[in-house]
Amino acid sequence: MRIVLAEPAETLRPTGARETLERLAPGTEVVCVRSAAGCRDELRGGRVDLVVLDLRLGDEAQHVLEDRAPGGPPVVALLESPSESLALEAFRRGAADCVAAGADFEELLSAAVLEQLRRWRTTREQSRLRQNLIELRSYNEHIIDNMNSALLVVDREGIITHANPLAERIAGNPSGELPGRPVWELFPDSAPEEVPIARSLTEGVRLRGVEAVLARPGGERIPIGMSCSPMSDARGRPLGAVVLFQDLSDLKQLERQVSQSEKLASIGQLAAGVAHEINNPMGFIHANLAQMSEYVADLRRLWEAVLELRKAMAEGDAQTTARSAEKLERLDAELDSGFLFSDLAKAVRESQEGSERIRHIVQDLRAFSHDRAEASPSDLNRCLDSTANIAWTMMKHTVELDKDYAELPLVTCHPRQLQQVFMNLIVNAAQAIEAGAASGAGAPRGRITLRTRCEGEQVVISVSDSGVGIPPEHLDRIFDPFFTTKEVGEGMGLGLSTSYDIVRRHGGTLSVSSTAGRGACFEIRLPQQMQEVSE
């Protein structure tokens, strides 16, 4: 420790102050000065733990006390003899203690100096800790106020105790209005016990990536992604929860745009396949119509010859009748009427078959595109089959399709939405088979199997393939939005995510089992009576 001793040249008796101070502890540095200026220089020049001031310096001593900065090191005043008035004046001017010369001077000075040093160090440490606490609080507040996530702190009763500016902006509240309000008021569309935050408060459960709908004061609803972490004290007693959330409005809009882009891309592929499938029968119908037009012209010539013969026979002219009969016979031989009638009938049958194929394709397309706003009892075998027929047009050259349909009851559902799920799964299966064939890991022609069955009150639909399969590290992420293993430009990773959400909203489940290199099987389980789940 470093002590400044301000005293005149003559030391106090019987024992000098300097000798007493130097014996306080090893390493004690005592710096002697003779004036207020010298004391001031020492205080400014380096660390000083204590000032011992001999009041015999007179006015210089008064200057030392007057120059003492607030919060500076303590001053112990030395009196030549006991004097209440001098001691009182020293205390008034800022001295921390006074010691008078006498028989017990050394003991009293040592005790006073050590006590003041202890207090001074304690005060400095408390001041340092207070300053650190202020800086830490300011640092934390700066981080919280400028973080990219909205933050709420709620107590055990669900009352908001803190909200950062981003939370207030997302909630649409002026600054400072959220604290003191129940957090349930931000979610008026749900009962308090249904708000995810309630689980963190009541069960101490940590939640990640939960979606909810937050209401702004004007009635606007916005989707948010939320995480909740319970708080507790050192004894483990619950204190409340910390809630982090983000506005998902832009992300949801982006998802819708990307999903629409994927739908348009899929529609483009399907349209190409359907156009090719319709073009085949249309091609031979068109060719048959041209041929039938020629056959009709030939039949007209035959019919005209028949009419001419009938007229000659009616007039009773034998020679004219003979010539007409001979002409009809030559024309019959020339046109080969037997073949003409046979081939005409064949062309009509082929055209009828082609038009029937086109009719079925159009019916399947109409069923696939017909969207009912309300859930209705539907035949899922028919929904699956019509979807497979449409998808078949784009994969029939590389895939063999097996169907194993059990008898199913009518299922209350949104059939158009489930057909979108079936289409996504069938197209993904075909692409997995094509990927295997392209890499040499699979046969040129793969196999897709569609199965349906009943299990208790549930209907089960499965789509399995012999494609490349799904690596184990991807199985947990396969239904995440924007996750895809396809090449850039071949998919946005929303097909399975959208399918998962559709099945979930029907009260069902969508799961996958796969072994890399051995294909995959997606299984849909749906209740017979739709148990609709909110977004």
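Residues numbered from 1 in each chain as written. Predicted model: local features only at pLDDT ≥ 70, side-chain atom pairs only at ≥ 80, totals over all residues. Heavy atoms only, no water.

## Examining a nonpolar patch on the surface
For the record, the criterion: To count toward a patch, a residue needs a relative accessible area over 30% and no salt bridge; like charges are then connected within 9 Å, while nonpolar side chains (Val, Leu, Ile, Met, Phe, Trp, Tyr) are connected within 5 Å. Here the open area of atoms and residues is found with the Shrake-Rupley method and a 1.4 Å probe, where only the protein chains shown may cover a residue. Just to be clear on terms, a salt bridge is a Lys or Arg side-chain nitrogen sitting within 4 Å of an Asp or Glu carboxyl oxygen. Secondary structure elements follow DSSP: runs of H or I of four or more residues count as helices, runs of E of two or more count as strands, with numbering from the N terminus. For the exposure calls, accessible area comes from a 1.4 Å probe over protein chains only, and a residue counts as buried if that area is under 20% of its type's maximum, exposed if over 50%, partly exposed in between.
A contiguous nonpolar surface patch, about 310 Å² in accessible area, is contributed by Leu 136, Tyr 139 and Ile 143. Note that Tyr 139 resides in helix H5 (residues 105-146). A relative accessible area of 52% places Tyr 139 in the exposed class.

## With respect to the pattern of salt bridges
With the rule as written, the count across this model stands at 31 salt bridges. Across the pair Arg 118 and Glu 115 runs a salt bridge, and its minimum N-O distance is 2.6 Å. Remark: Glu 115 and Arg 118 occur in helix H5; sequence separation between them is three residues, near one turn of the helix.

## Notes on the nonpolar core
To keep things clear, this is the line we draw: To qualify as a nonpolar core, a set must consist of buried Ala, Val, Leu, Ile, Met, Phe, Trp, Tyr and Cys residues joined through side-chain atoms within 4.5 Å. Should any heavy atoms of two residues lie within 4.5 Å, those residues are considered in contact.
Leu 380, Leu 425, Ile 426, Ile 448, Ile 461, Phe 522 and Ile 524 are the most contacted members of the largest nonpolar core, which has 37 residues in total. Looking at this core, the elements that each hand over two or more residues are helix H11 (380-392), strand E13 (411-413), helix H12 (415-439), strand E14 (446-455), strand E15 (458-465), helix H14 (495-505) and strand E17 (520-527). If you tally residues by element for this core, the top one is H12, at 10 residues. The residues contacting Ile 448, other than those within four sequence positions of it, are Met 395, Val 399, Glu 400, Leu 401, Asp 402, Ile 426, Ala 429, Ala 430, Ile 433, Val 463, Ser 464 and Asp 465. Counting 26 residues, the second largest nonpolar core, distinct from the first, contains Ala 150, Ile 160, Ala 212 and Met 226.

## Remarks on the packing of helix H2 (residues 36-45) against helix H3 (residues 59-67)
What counts, and what does not: Structural elements are reduced to axes, namely lines fitted to C-alpha atoms, with helices fitted over the stretch in contact, and the angle between N-to-C directions of any two is expressed from 0 to 180 degrees. The labels follow the angle: roughly parallel below 35 degrees, roughly antiparallel above 145, roughly perpendicular from 65 to 115, and oblique for the rest. Put simply, Ala, Val, Leu, Ile, Met, Phe, Trp, Tyr, Cys and Pro go in the nonpolar bin, Asp, Glu, Lys and Arg in the charged bin, and everything else, Gly too, in the polar bin.
Closest axis-to-axis distance for the H2/H3 pair is 8 Å, and the angle between their directions is 30°. Taken together, the axes of H2 and H3 lie roughly parallel to each other. Here Ala 36, Ala 37, Cys 39 and Arg 40 of H2 come into contact with H3, specifically with Glu 60, His 63, Val 64 and Asp 67. Across the contact of H2 with H3, the residue classes tally to four nonpolar, one polar and three charged.

## So, H14
Residues three or four positions apart in an α-helix share a direction because the helix packs 3.6 residues into each turn. Those residues of H14 lying buried are Gly 495, Leu 496, Ser 497, Ser 499, Ile 502, Val 503 and Arg 505. The first or second residue beyond H14 is Gly 507, which carries a positive phi of 80°.

## Quick word on the confidence of the model for the protein chain
Definition in use: Per residue, pLDDT captures the predictor's confidence, and it can take any value from 0 to 100.
Here the protein chain averages 82 in pLDDT, while 87% of its residues score no lower than 70. Across residues 488-492 the pLDDT falls below 50, and counting only partners more than four positions away or on other chains, this stretch makes seven contacts in the model.

## A few points about the sheet that holds E15
Keep this limit in mind: DSSP calls a pair of strands paired once it identifies at least 2 bridges connecting them.
Spatial ordering of the open sheet is given by E12-E14-E15-E17-E16, a layout of five strands whose pairing is mixed. Strand pairing shows two members of the sheet lacking a second neighbour, strand E12 (399-405) and strand E16 (509-514), which therefore form its edges. Recorded for the sheet is a direction-independent mean angle of 15° between the axes of neighbouring strands. Pairing geometry for E12 and E14, over seven bridges, is parallel. The partner of Leu 401 across the bridge, within E14, is Ile 448. In the packing of H11 onto the sheet, contacts are made with E12, E14, E15 and E17, and the angle to E12 comes to roughly 175°.

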